[in-house]
Amino acid sequence: MKKITKATYLNWYEDMLFWRKFEDKLAQVYIQQKVRGFLHLYNGQEAIMAGALHAMDTTKDRMITAYRNHVQPIGLGVDPKRVMAELYGKGTGTSHGLGGSMHIFSKEHRFYGGHGIVGGQIPLGAGLAFADKYFKRDAVTITFMGDGATRQGSLHETLNMAVKMNLPVVFCVENNGYAMGTSVARTAKSTDIWKIGNGYEMPCGPVDAMDPVKVAEALDEAISRARNGEGPTFLELKTYRYRGHSMSDAQHYRTKEEVAEYQKIDPITTVRNILLEKKYATEEEIKEIDNQVKERVKECEKFADESDFPDKNVMYDVVYEQENYPFLPHKL
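This section reports on the structure supplied with the text. Source: prediction; values computed, not measured.

Rules used in this analysis
Residues numbered from 1 in each chain as written. Predicted model: local features only at pLDDT ≥ 70, side-chain atom pairs only at ≥ 80, totals over all residues. Heavy atoms only, no water. Helix = DSSP H or I, 4+ residues; strand = E, 2+ residues; numbered from the N terminus. Rg over C-alpha atoms; globule rule 2.2 N^0.38 Å. Buried < 20%, exposed > 50% of the residue type's maximum accessible area, 1.4 Å probe, protein only. Areas by Shrake-Rupley, 256 points an atom, 1.4 Å probe, with all protein chains shown as cover. Lys, Arg positive; Asp, Glu negative; His and termini not counted. Charge placed at Lys NZ, Arg CZ, Asp CG, Glu CD. Pairing = 2+ DSSP bridges. Axes fitted to C-alpha atoms, helices over the stretch in contact; angles between N-to-C directions. Contact = heavy atoms within 4.5 Å. Salt bridge = Lys/Arg side-chain N within 4 Å of Asp/Glu carboxyl O. Right-handed = clockwise from strand over helix to strand, strands pointing away. Phe/Tyr/Trp six-rings, centres within 6.5 Å; stacked < 30°, edge-to-face > 60°. Lys NZ or Arg CZ within 6 Å of the ring centre and 35° of its normal.

## Some points on the overall build of the chain
Per the secondary structure count, the chain includes 11 helices and five strands. Relative to the 2.2 N^0.38 estimate, which gives 20 Å for 332 residues, the radius of gyration of the chain is 20 Å and therefore close to what a compact globule would have. For the chain, the spread of C-alpha atoms along the three principal axes comes to 60 × 55 × 40 Å. By residue count, 49% of the 332 residues in the chain fall in the buried class. Here the chain has roughly 16,300 Å² of accessible surface; of this, 51% comes from carbon and sulfur atoms. Each charge class in the chain was averaged separately, 43 positive and 45 negative side chains, and the resulting centres sit 2 Å apart.

See below:
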């Protein structure tokens, strides 16, 4: 695995803080009705992306996930201004404003969504890995899903095929404990989701996903195995979300005290403390990073606010390939 250095911790702190503040800003503008529809935020789960990006080769590896998907493309290099514009439904967004919150996408940066159907991305992730194996490309696909998606039959079909075909894919369950609003303990006899992999004789295990180092180590091992032709891995990344499933979630299924307990192991605070303890940064230097992050988020908001909505014709241009399609009105 790439060495974890002072620069690593500084990058982790800045990245995770930016992701957190970016999501916080989205929550604010959602209340102002600048962002509509569903909105699923990543607050608390940032160590997963920080660790995963450290382990990946982002010049060739791919990533696919569910609808909690704003942070991932930013981490892979997509301009965050375009991500925010997409949430606003603006023409400058990653999908010209037609995808919205749940459908961020960037082929250029090897991010394949953003999928609104629970578990829908799981077989697609295996398909991407199959293509890489078929064309003999030295790439690995990281397929993320929530704990709720592990109750979908498509997961089991995909795991069976992936291990049988020895595909270069890593399946990562972001277990934040509650799926949409029901605890894992109420949906299955076993709360150890990672053990599902045992049924397919697939390497599997739990990971402390509040620690980017533990995530990086686990993903590095799994990615190396896949890249060396040893097939898939199934990991349960144990994390916690500080906000609800979506902005409409009243969170009656948990207490404020429980959330407060998990905030004591907030990955951003943990990395900040390491920076100070190891003298990688002073309080003043950290404050400078904080200020830079705030300015970057403001730039994203300004860009989204000032961008135009897409022209109506764009909707038809990206759906109908045939120019003289009989049911398409030619004058809108």
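## Some thoughts on the sheet that holds strand E2 (residues 141-146)
Strand pairing in a sheet is mediated by backbone hydrogen bonds. Such pairs are either parallel or antiparallel. The strand order across the open sheet built from five strands is E1-E2-E3-E5-E4, with neighbouring strands paired in parallel fashion. Unpaired on one side and paired on the other, strand E1 (62-64) and strand E4 (204-208) mark the two borders of the sheet. Between one strand and the next, the sheet's axes are offset by a mean angle of 20 degrees, whatever the strand orientation. In terms of strand pairing, E4 meets strand E5 (residues 233-238) through five bridges, oriented parallel. The residue of E5 that forms the bridge with Gly205 is Leu235. Its contacts with the sheet place helix H6 (residues 153-165) against E2, strand E3 (169-175) and E5, and it is angled at close to 150 degrees to E3.

## Digging into the pattern of salt bridges
For the coordinates displayed, the defined rule picks out 20 salt bridges. Asp132 is paired through a salt bridge with Arg137; the nearest N and O atoms lie 2.7 Å apart. Each member of the salt-bridge network shares a partner with another, and the members are Arg20, Glu46 and Asp266.

## Points about helix H2 (residues 46-55)
The buried count for H2 comes to 10 of 10 residues, which makes it a mostly enclosed element. Where H2 is concerned, the buried positions are Glu46, Ala47, Ile48, Met49, Ala50, Gly51, Ala52, Leu53, His54 and Ala55.

## Side note on the pairing of E4
Only one face of E4 is covered, namely the one carrying Gly205 and Val207; the face carrying Cys204, Pro206 and Asp208 has none of its residues buried. In the classification by handedness, the crossover that spans E4, the intervening helix H7 (residues 212-227) and the parallel E5 is right-handed.

## A look at the packing of aromatic side chains
For the structure shown, the criterion picks out nine aromatic pairs. Where Tyr9 meets Trp12, the ring centres are 5.5 Å apart and the plane angle is 85 degrees; that geometry is what we call edge-to-face. Pair noted here: Tyr9 and Trp12 are both in helix H1 (residues 6-31), with a separation of three residues, about one helical turn. Assessed through its relative accessible area of 10%, Tyr9 is described here as buried. Take Trp12: its relative accessible area is 4%, and that puts it in the buried class. Aromatic side chains Phe18 and Phe22 sit 5.9 Å apart centroid to centroid with 45 degrees between the ring planes, which places their arrangement in the tilted category. Taken together, the residues Phe18 and Phe22, both in helix H1 and four residues apart, mark about one turn of the helix. You'll find Phe18 and Phe22 in the same group, each marked buried. Among the aromatic side chains, those forming a connected cluster through ring pairs are Tyr9, Trp12 and Tyr280. Of note, Lys90 hangs over the ring of Phe309, and the distance from its end group to the ring centre comes to 4.9 Å. Its guanidinium or amino end placed over the ring of Phe18, Arg296 lies 3.8 Å from that ring's centre, counting from NZ or CZ.

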